[in-house]
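Structure assessment
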Amino acid sequence: MAETAPPPAVAPAAAPAGRTPILEVDGLRKGYGGDPVLDGISLQVFEGEFVSVVGPSGCGKTTMLRCLAGLLPFESGTVRIDGAAVTGPPATLGIVFQDYSRSLLPWLSVRDNVRLPLRYQAISKKQAAAQADEALESVGLAADGHKRPWQLSGGMQQRVAIARALAYRPRLLLMDEPFASVDAQTRVELEDLMLRLWSERAMTIAFVTHDIDEAIYLGDRIVALTRRPTGIRETMTVDLPRPRDQIATKATERFAELRASVFTALGHHEEAAG
Amino acid sequence: MNRRLWAIALPVLTTAAAVALWWTASASSTSLYFPPLSDILEAFRANWLSRQLTDIVVPSLWRVGLGMALGTALGVAIGTLIGAIRRIESYVQPQLEFMRALPPILVIPPMILVLGTGDTMKIGVIAASALWPVLLAAVDGARSVEPVRDDMARVFGLGRWARFRWVVLPTAVPHIWGGVQAAMPIAFVVMIASEYYSSTNGLGYFLSQTSTSFRLADMWSAIVLLGVIGVAVNSLVAYAGRRLDRRFGEYTDG
Ligand SMILES: Nc1ncnc2c1ncn2[C@@H]1O[C@H](COP(=O)(O)OP(=O)(O)OP(=O)(O)O)[C@@H](O)[C@H]1O
Ligand SMILES: [Mg+2]
């Protein structure tokens with residue numbers, strides 16, 4: 001029968017499953033007042049990936065994310081999200097900002113902060129409420145929706161910011177050093193929370209940090225940035241199995257090796273690594 | 001506990017002392033200009049604890065209220081617009097500074113020409129004098145939006161109007177209220193001034209009538225009344241300001 005013919009194969013050159021690029025950056029340059037900050041950034045993030053971007057303090061990580069998100073015009077290069085050149089913030093993109101307490105609106109309750117982006121989407125009020133509640137639930141704040149952000153601890157505020165992004169259902173989530181200013185214990189909890197949320201949802205994450213251990217622990221791949229003017233130093237695959245564990249994973253020999261190579265890539269000396 | 005008691009008792013005591021001082025110092029006064037406080041209070045009772053209150057005071061308060069409301073509405077609309085659209089701001093800044101520097105009652109003569117001498121003019125000049133402090137405060141307020149909040153709003157798909165409604169306006173509210181607080185005494189001065197020369201009712205009219213016919217105890221009673229109203233209105237505005245700070249401020253422990 002004619003039906004026995006093999007199904008039309010996906011184009012031979014097509015990327016294998018999970019290898020569709022969702023974010024493509026090519027030759028991105030950006031400076032402030034003639035002072036170059038980003039000097040030719042090229043990278044790709046694939047559908048479903050968790051990519052960690054590590055770079056030293058002040059190298060332009062926030063600047064880069066703002067360019068990628070269409071919030072900041074750049075001098076040259078291209079940024080594509082889902083194949084379309086970025087001119088303004090794409091609807092499929094969410095961000096968790098570095099400065100969580102300022103990114104939340106203190107005049108709205110936690111629940112209203114999470115619902116705010118949904119008001120302007122083509123979904124019903126009921127659906128919006130359900131999405132917001134589900135997101136708050138998934139970050140463990142179901143009982144705190146009525147509070148104002150400033151009544152919560154720093155770690156809880158960052159959970160609100162994460163819930164707001166989740167409720168928006170982005171396909172690509174950019175996170176800008178989200179855990180840089182919470183205490184170590186909270187940080188560990190939030191890292192594991194992010195890994196769980198990422199594994200539960202169809203979401204690609206680009207996670208910016210200056211913490212090498214965090215980058216390795218979370219990522220499928222690590223993009224190491226240079227000092228300013230900032231370019232890409234190296235891209236490394238993190239071949240650590242998932243699910244990861246704060247103690248077991250970090251105790252492996254492979255973790256130590258990766259750590260050493262990222263340190264080297266970032267230009268640290270041996271003693272700095274130790 | 002004791003401290004709070006003191007905080008309430010102290011102003012009451014000092015006020016009582018000041019009144020007592022006034023009373024005794026003026027008790028034997030035969031000066032035409034400074035009648036004894038007892039006469040003033042008698043006039044106060046006769047003038048303001050009677051039907052005159054509604055005939056004289058209500059038109060004045062109504063004018064101040066309406067003028068303030070109009071001036072504030074206009075100031076907020078124009079000010080937040082200028083503050084939110086950074087590109088306009090540098091162009092209009094010199095004009096704003098110029099208008100700010102003009103004494104508010106200067107607007108009365110041209111307004112009489114344009115609006116006549118009726119209520120429209122009076123409400124108009126009060127609105128015009130309230131406009132500037134509110135407008136300038138609204139510009140400041142709208143300008144002080146945290147940049148990351150602007151980024152947040154854009155990333156999460158809020159359009160211009162939504163950004164204004166949820167981010168710019170709430171940020172500006174405490175600033176705007178500061179402007180209202182500054183405008184209120186100015187509005188009272190302008191109200192009196194506008195009623196002084198051309199009116200058939202209102203406190204300004206009463207002041208002009210009593211002072212030109214040398215009914216000075218009556219005149220003083222109107223001044224005392226104005227003081228009382230001023231204190232009441234200012235405390236009300238300040239109280240509302242604290243409530244708004246709590247609602248819209250950054251970090252409160254309320
Ligand atoms: N709006 C701006 N105007 C001028 N210079 C800026 C601006 N924003 C950032 N810069 C400068 O650009 C450089 C990179 O800043 P950016 O905030 O992107 O770095 P970062 O890697 O995110 O830093 P951090 O680790 O502190 O978050 C810094 O030197 C900073 O001073
Ligand atoms: Mg940064």
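The structure under discussion appears in the preceding block.
As the structure is a computational prediction, the values presented were derived from the model and not from experiment. (Residues numbered from 1 in each chain as written. Chains lettered and ligands numbered in written order. Predicted model: local features only at pLDDT ≥ 70, side-chain atom pairs only at ≥ 80, totals over all residues. Heavy atoms only, no water.)

A closer look at the overall build of chain B
Looking only at helices and strands, one finds 10 helices and 0 strands in chain B. Secondary structure elements in chain B, listed N-terminal to C-terminal, are α-α-α-α-α-α-α-α-α-α. Counting all 254 residues of chain B, 40% fall into the buried class. Intrachain contacts of chain B at a sequence separation of at least 6 include 73% that bridge at least 24 residues. (Helix = DSSP H or I, 4+ residues; strand = E, 2+ residues; numbered from the N terminus. Buried < 20%, exposed > 50% of the residue type's maximum accessible area, 1.4 Å probe, protein only. Contact = heavy atoms within 4.5 Å.)

Remarks on the layout of surface pockets
All names here are of chain B. In this structure, the largest pocket encloses a volume near 610 Å³. In terms of lining residues, the largest pocket is bounded by 17 residues, among which A84, I85, D150, R160 and R163 are the most central. Of all the secondary-structure elements, those providing two or more residues to the lining of the largest pocket are α3 (52-84), α4 (86-101), α7 (147-155) and α8 (160-197). With 5 residues, α8 is the largest single contributor of residues to the lining of the largest pocket. Class assignment of the residues belonging to the lining of the largest pocket gives a composition of 9 nonpolar, 2 polar and 6 charged. (1 Å grid on protein atoms, 1.4 Å probe; cavity = no way out; pocket = protein on both sides within 12 Å on 5 of 7 lines; lining within 4 Å. Points joined across faces, edges and corners; volume = space filled by probe spheres on them. Nonpolar A, V, L, I, M, F, W, Y, C, P; charged D, E, K, R; others polar.)

What to know about the interface of chain B and chain A
Counting residues at the interface gives 22 residues for chain B, matched by 25 residues for chain A. Taken together, both faces of the contact between chain B and chain A bury some 2,400 Å²; the carbon and sulfur share is 63%. On the chain B side of the interface with chain A, the three residues burying the most area are V155, F156 and W166 of chain B, jointly 32% of the side's total. Linking chain B with chain A are 2 salt bridges. We note a salt bridge from D151 of chain B to R66 of chain A, for which the minimum N-O separation is 2.7 Å. At the junction of chain B and chain A, the tally comes to 9 residue pairs in polar contact (both at pLDDT 80 or more). Among the secondary structure elements, those contributing two or more residues to the side of chain B that touches chain A are α7, α8 and α10 (216-248) of chain B. Examining the composition of the side of chain B that touches chain A, we find that 6 residues originate from one element, α7 of chain B, more than from any other. Residue classes in the side of chain B that touches chain A are distributed as 11 nonpolar, 4 polar and 7 charged. (Buried area = accessible area lost by both parts, 1.4 Å probe. Salt bridge = Lys/Arg side-chain N within 4 Å of Asp/Glu carboxyl O. Polar contact = N/O pair within 3.5 Å; in protein donor to acceptor, adjacent residues only side chain to side chain.)

Side note on the environment of L23 of chain A
Residue and element names in this part refer to chain A. Structurally, L23 can be placed in strand β1 (residues 21-32). Residue L23 is classed as buried on the basis of its relative accessible area of 1%. Those residues in contact with L23 that sit more than four places away from it in its chain are L43, Q44, V45, L68, V79, R80, I81 and L172.

Regarding the packing of aromatic side chains
Tallied over the entire structure, the rule returns 8 aromatic pairs over all chains. On the basis of an interplanar angle of 80° and a centroid distance of 5.4 Å, the ring pair of F50 of chain A and W198 of chain A is categorised as edge-to-face. With F50 of chain A in strand β3 (residues 50-54) and W198 of chain A in helix α6 (residues 184-200), this residue pair connects regions lying 148 residues apart in the sequence. In terms of burial, F50 of chain A and W198 of chain A fall into one category: buried. Relative to W220 of chain B, the ring of W22 of chain B lies with its centre 6.3 Å away and its plane at 70°, an arrangement referred to as edge-to-face. (Phe/Tyr/Trp six-rings, centres within 6.5 Å; stacked < 30°, edge-to-face > 60°.)

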